[in-house]
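Report on the structure
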Amino acid sequence: MLSFRGAENVRELDIPWRYSLTQTYHPEENPTGLISFGMAENKPMRADIAKYINEKVVFTQDSISYRSSAPTAARLPAAAAVHLNNILKPLAPIDPEHIFVADSPTSLGSMLGYSLAERGDGILVSRPAYGRFELDYGVESGVKMVYADTAAEDAFSPSSVEKYELALKTAKERGMKIRAVLLVNPHNPVGRCYPVETLKAIARFCSRHSLHLISDEVYASCVFDSGDPEAVPFTSILSLGFTGLIDPNLVHVLYGFSKDFASGGLHLGFLVTQNQQLRQACKAILRLHGASQAAVTIGTAILEDQDFVSKFTAKSRQNLASAYRLTTSVLNKEGINYVKGGNAGFFVYIDLSPYLPPDSDITPRQREFALAQRLVDAGVFLHPGEEHSMEIGWFRLVFSQEEDTLKEGLNR
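A brief report on the enclosed structure follows.

Right, let's talk about the overall build of the protein chain for a bit. Each helix and strand in the protein chain was counted, giving 13 helices and twelve strands. A globule of 412 residues ought to have a C-alpha radius of gyration of about 22 Å, and the protein chain, at 21 Å, matches this closely. Based on the C-alpha atoms only, the size of the protein chain along its principal axes is roughly 60 × 55 × 55 Å. Considering the protein chain as a whole, with its 412 residues, one finds that 54% of them fall into the buried category. Contacts in the protein chain between residues at least 24 apart in sequence constitute 74% of all its contacts with a sequence separation of at least 6. With an accessible surface of roughly 18,800 Å², the protein chain has 51% of that area assigned to carbon and sulfur atoms. In the protein chain, 40 positive and 47 negative side-chain charges are present, and the distance between their average locations comes to 3 Å.

Now for the state of the cysteines. Put plainly, a disulfide is one covalent bond tying together the sulfur atoms of two cysteines. Applying the stated criterion across every chain, the model contains zero disulfides. Cys 282 provides the cysteine sulfur closest to Cys 206, a residue in no disulfide bond, and the two sulfurs are 18 Å apart.

On to the packing of aromatic side chains, then. The final tally for this structure, using the stated rule, is 18 aromatic pairs. Arranged with centres 4.1 Å apart and planes meeting at 25 degrees, the rings of Tyr 52 and Phe 308 form a pair that is stacked. In this pair, Tyr 52 is assigned in helix H2 (residues 46-56) and Phe 308 in helix H11 (residues 306-334), connecting sequence segments 256 residues apart. Ring-pair connections join several aromatic residues into one group, and the members of that group are Tyr 52, Tyr 255, Phe 257, Phe 261, Phe 270, Phe 308 and Phe 312. A cation sits over an aromatic face here: Arg 132 above Tyr 19, 5.3 Å from the ring centre. Over the aromatic face of Tyr 338 sits the side chain of Lys 340, whose NZ or CZ is 4.1 Å from the ring centroid.

With that settled, consider the sheet that holds strand S4 (residues 144-148). As summarised here, the arrangement of the seven strands in space is S2-S8-S7-S6-S5-S3-S4, forming an open sheet in which the pairing is mixed. Of all the strands in the sheet, just strand S2 (99-102) and S4 have a single pairing partner and so form its edges. On average, adjacent strands in this sheet sit at an angle of 25 degrees to one another, irrespective of strand direction. Inspection of the sheet shows S2 paired to strand S8 (residues 269-273) by four bridges, in the antiparallel sense. Bridging from a neighbouring strand, Phe 100 pairs with Leu 271 of S8. Relative to S2, helix H4 (residues 75-88) is tilted by about 110 degrees, and along the sheet it contacts S2, strand S7 (251-256) and S8.

The next point concerns helix H13 (residues 403-411). Those residues of H13 that sit buried are Thr 405, Leu 406, Gly 409 and Leu 410. Down the axis of H13, the buried side of the element spans an arc of 130 degrees, and every buried residue falls inside it. Away from the buried face of H13 by more than 90 degrees, exposed residues Asp 404 and Asn 411 are located. The inward-facing, buried residues of H13 abut strand S1 (35-36), H11, strand S11 (380-381) and strand S12 (394-398).

Let us now look at unusual backbone geometry. A cis geometry characterises the amide bond from Arg 127 onward to Pro 128, with omega recorded as 10 degrees. Its location among the elements puts Pro 128 in the loop between strand S3 (122-126) and helix H6 (133-136). Between Asn 188 and the following residue, Pro 189, the backbone shows a cis peptide bond with an omega angle of 25 degrees. Backbone geometry places Trp 17, a non-glycine residue, at a positive phi of 60 degrees.

Taken together, the side chains of Met 1, Leu 2 and Val 10 present a nonpolar region at the surface, about 410 Å² in accessible area. Position of Val 10 relative to the elements: it lies in helix H1 (residues 4-13). Val 10 sits in the partly exposed class, given a relative accessible area of 37%.

Criteria and cut-off values
- Residues numbered from 1 in each chain as written.
- Predicted model: local features only at pLDDT ≥ 70, side-chain atom pairs only at ≥ 80, totals over all residues.
- Heavy atoms only, no water.
- Helix = DSSP H or I, 4+ residues; strand = E, 2+ residues; numbered from the N terminus.
- Rg over C-alpha atoms; globule rule 2.2 N^0.38 Å.
- Buried < 20%, exposed > 50% of the residue type's maximum accessible area, 1.4 Å probe, protein only.
- Contact = heavy atoms within 4.5 Å.
- Areas by Shrake-Rupley, 256 points an atom, 1.4 Å probe, with all protein chains shown as cover.
- Lys, Arg positive; Asp, Glu negative; His and termini not counted.
- Charge placed at Lys NZ, Arg CZ, Asp CG, Glu CD.
- Disulfide = S-S within 2.5 Å.
- Phe/Tyr/Trp six-rings, centres within 6.5 Å; stacked < 30°, edge-to-face > 60°.
- Lys NZ or Arg CZ within 6 Å of the ring centre and 35° of its normal.
- Pairing = 2+ DSSP bridges.
- Axes fitted to C-alpha atoms, helices over the stretch in contact; angles between N-to-C directions.
- Arc of directions from axis to C-beta.
- Patch = residues over 30% accessible without salt bridge, like charges linked within 9 Å, V, L, I, M, F, W, Y side chains within 5 Å.
- Salt bridge = Lys/Arg side-chain N within 4 Å of Asp/Glu carboxyl O.

Everything listed here is a matter of geometry and, on its own, says nothing about what the molecule does.
Right, here's the structure in full:
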């Protein structure tokens, strides 16, 4: 009844706990509802964005057309270039012509998989890793995530390249062609930033093997003061000097509104690349992934108002710092281990392995699923198996909630 691709995608839906449960908790309207620590949204900042849109954004006929008129169409890439030059601090300023606009970084991942690789090819990523990449790059393109087995803390060391080399060698022995390395910086789920020397080491690895380097930097402005003086600051891959390091045509950066602007539902993403052929290849399939003109209108208004962006970002960082400190203080008090040194994103990577059921008759992953069900029964959701840790019992805890909701969820 279905094509091979269709049937394969149906099987993806049958994987246990594949998708995050929806939060139903409300302190007054549904105080017994589920609190979800699984969805990476910056919930406290959504009200500020909604207020700005309601008060400042003006819709025109262009906002509901198939395409904007020429002057309007150029405004978003120009505004995005200004914004990205401010936050990424690239060594060479980003040219608006190098910015490709689509409906989300998720779609752009699919477009990159389709344009850079053949079905069955692989993209290298260290783990733990954001589990949705398997869907982003795989559902339409059939590209596989190939994991370099680094421990959570070792992924940020230049020596992690040894694990990439091993994963590349193993893939070749299996007859799989690796096309790219995918970085998430700031990192999801660990919440750290990559040191400069590690970025350079990975770039050299990509250059050595003629691999594309995709840097997902959607959390670029979600970096905060965690109170740890040794926390590594954020460095964009674009701030490195590529001469003698890697061909600029192999480097591609993803960015979007979902995290930095608490606007996942807006669906607006950017690919930054000097590779003209890649931009053209993506343009050929843009009709399937184009941003709505309403989203373009909103995004342009926000990015052209850099005073608002500056104030919004400062407030967001302050909120994230407070939530992080509250969360880690509870974890410390309860003796729950987590990866230290976090200073970015919406999450803490925590070790709940001591609480796994001791049942030896079920698989290790099923033990993790059983613990997740116990948590759901207690009114709180953490996504089991989602981040593909080498060891079972590790969960990503998303702390970007309203303070009262965060406290209630941690208490549960």
